[in-house]
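Understanding the architecture of this molecule
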Amino acid sequence: MFDQLESMIGRYEELGELLSDPEVVANTKRFMELSREEANLRDTVATYQEYKKVLATIEESEEMLNEGGLDDEMKELFKDELAEGKAKKPELEEKMKILLLPKDPNDGKNIILEVRGAAGGDEAALFAADLLNMYQHYSESQGWKFEVMEANQTSIGGFKEVSALISGQSVYSKLKYESGAHRVQRVPVTETQGRVHTSTATVLVMPEVEEFDYQIDPNEIRTDIYHASGAGGQNVNKVATAVRMVHLPTGIKVEMQEERTQQKNRDKAIKLLNTKVFDYYQQIELDKQNTERKSTVGTGDRSERIRTYNYPQNRVTDHRIGLTIQKLDRIIAGDLGEIIDSLIIYDQTKKLEALNQ
């Protein structure tokens, strides 16, 4: 492990030099690749350097105490430093083991978040809107940028489907566990007799695909330009700014009318389409090896769920890890930290167990 860590320090220092090289800076793809690598190594290198300082403190304290000749005050000082160092050493060793686990290459990426109302009609669409707001507030608490890309809204304020770009530091690493069917149990606003209904919405988290990672052949895209409706109403019946793009081989379609200019809508549409098409082909490859796609995203059926939000009992349960929290009101308001941290720890624990077998 320590040989691996020493080589990481060498590589980290090398990356620092490369990232200041004018030739590397001028090559966008190369610069981005090296920047990601440097960011992935940063925590591991910092932890190992702290670990080496703790070892040096333990060694120095033991030497000073063994030499003798110290007054009582100095003895107590070195004893405290020794005790603190010995307590911190195993903590840092455990942290380094986790940091050395194989990294998901997408962890540092931005994401496209897609939320769809599934089983439950209007109530499912309203729940999809609640989930979107939950992720938006959580993103704001993390200092991330949240931008709605595409939305198919219902007449009562829900969403049949909505996509958002979330950008910032390590977005995918925290939100990748959110993909799946989310179930809500509550009295819908449309219910006149006060009965609790069960509805679902599906969430899909896709790492954003950058231009140099993947690009659709332009000949495979059909683009339609039309007049925007709803938001951006100043352009209605004046200038055609809305953009619809269809990827002909897969039939995947995106529509963009959030921006007031056609070019901005084109730019957002191609970014969203690239990500969706890349995810589509990637999942086909994954399905050849296992059934993760079906078990993760599901079809939106009530029985296929990763999490339940029970409003009458103010309870949220994540079924994958058996976690139940009695503060749904705070979670739906964006306080997702406890759930996400628990999922990360569970995932890391399973990986450590697999390595130790």
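Residues numbered from 1 in each chain as written. Predicted model: local features only at pLDDT ≥ 70, side-chain atom pairs only at ≥ 80, totals over all residues. Heavy atoms only, no water.

Convention followed: UniProt positions are given in the numbering used here, feature names are shortened, and annotations may be inferred rather than shown by experiment.
With an unreviewed UniProt entry as reference, the protein is termed Peptide chain release factor 1, source organism Lactococcus fujiensis JCM 16395. The record in UniProt for the protein states the following under Sequence similarities (unreviewed entry): "Belongs to the prokaryotic/mitochondrial release factor family." The record in UniProt for the protein states the following under Function (unreviewed entry): "Peptide chain release factor 1 directs the termination of translation in response to the peptide chain termination codons UAG and UAA."

1. Some thoughts on the sheet that holds strand E3 (residues 159–167)
Note the following rule: Being paired, for any two strands, means DSSP has found at least two bridges between them. Runs of H or I in DSSP of at least four residues are treated as helices and runs of E of at least two as strands, each being numbered from the N terminus. The axes are straight lines fitted to the C-alpha atoms, using for helices just the contacting stretch, and the angles between their N-to-C directions are given from 0 to 180°.
Within the open sheet, the eight strands sit side by side as E2-E3-E1-E5-E4-E9-E10-E11. Their pairing is mixed. Unpaired on one side and paired on the other, strand E2 (145–153) and strand E11 (323–325) mark the two borders of the sheet. Averaged over all neighbouring strand pairs, the angle between strand axes comes to 15 degrees, with direction disregarded. In the sheet, E2 pairs with E3 via eight bridges, with the strands oriented antiparallel. Note on E3: the bridge partner recorded for Glu150 is Ser163.

2. As for the layout of surface pockets
Threshold: For cavity detection a 1 Å grid was placed over the protein atoms alone, and a set of points counts as a cavity when a 1.4 Å probe fits there but cannot get out; an open set counts as a pocket when protein lies on both sides within 12 Å along at least five of seven lines, with lining residues being those that have an atom within 4 Å of a point. Grid points are joined across faces, edges and corners, and a volume is the space filled by probe spheres set on the points. Three classes are used, and their members are as follows: Ala, Val, Leu, Ile, Met, Phe, Trp, Tyr, Cys and Pro are nonpolar, Asp, Glu, Lys and Arg are charged, and the others, Gly among them, are polar. Residue ranges assigned to each domain were obtained from an automatic or database domain assignment.
Of the volumes computed, that of the largest pocket is approximately 950 Å³. Lining the largest pocket we find 31 residues, and of these Asn40, Lys103, Asp107, Ser170 and Ser173 sit closest to its centre. Those elements that provide at least two residues to the lining of the largest pocket are helix H3 (28–67), helix H4 (72–99), helix H6 (171–175) and helix H10 (337–356). A per-element tally of the lining of the largest pocket places H3 first, with seven residues. Its residues assigned to classes, the lining of the largest pocket comprises nine nonpolar, nine polar and 13 charged. Here the lining of the largest pocket gathers at least three residues from each of two domains, domain 1 (1–100) and domain 2 (111–211 + 301–356).

3. A look at the sheet that holds strand E8 (residues 252–256)
Two pairing modes exist for strands in a sheet, parallel and antiparallel, and in both the strands are linked by backbone hydrogen bonds. Taken in spatial order, the three strands line up as E6-E7-E8 in an open sheet, and their pairing is antiparallel. Edge strands, defined here as strands with exactly one partner in the open sheet, are strand E6 (221–226) and E8. Recorded for the sheet is a direction-independent mean angle of 15 degrees between the axes of neighbouring strands. As defined by bridge partners, strand E7 (residues 242–247) adjoins E8 across five bridges and the pair is classed as antiparallel. Of the residues in E8, the one forming a bridge with Val243 is Met256.

4. Quick notes on the packing of aromatic side chains
This is how the line gets drawn: Geometry of aromatic contacts follows a simple scheme: Phe, Tyr and Trp rings, the Trp one being its six-membered ring, pair when their centres are within 6.5 Å, and the pair is stacked under 30 degrees between planes, edge-to-face over 60, tilted otherwise. Here the term buried applies to any residue with accessible area under 20% of the maximum for its type, exposed to any over 50%, and partly exposed to those in between, with areas from a 1.4 Å probe on protein chains only. Throughout this description, the term charge over a ring refers to an Arg CZ or Lys NZ atom that lies within 6 Å of the ring centre and within 35 degrees of the ring normal.
Tallied over the entire structure, the rule returns three aromatic pairs. Ring centres 5.4 Å apart and planes at 70 degrees place the aromatic pair Phe127 and Tyr309 in the edge-to-face group. Placement of the pair is Phe127 in helix H5 (residues 121–141) and Tyr309 in strand E9 (residues 307–310), with a sequence separation of 182 residues. Classification of Phe127 as buried rests on a relative accessible area of 0%. Ring centres of Tyr138 and Trp144 lie 5.6 Å apart, and the angle between their planes is 80 degrees; this geometry places the pair in the edge-to-face category. Summarising the burial analysis for this pair, Tyr138 and Trp144 share the class buried. The side chain of Arg186 reaches across the aromatic face of Tyr311, ending 4.9 Å from its centre. Above the ring of Tyr226, the side-chain terminus of Arg244 is found at 4.5 Å from the ring centroid.

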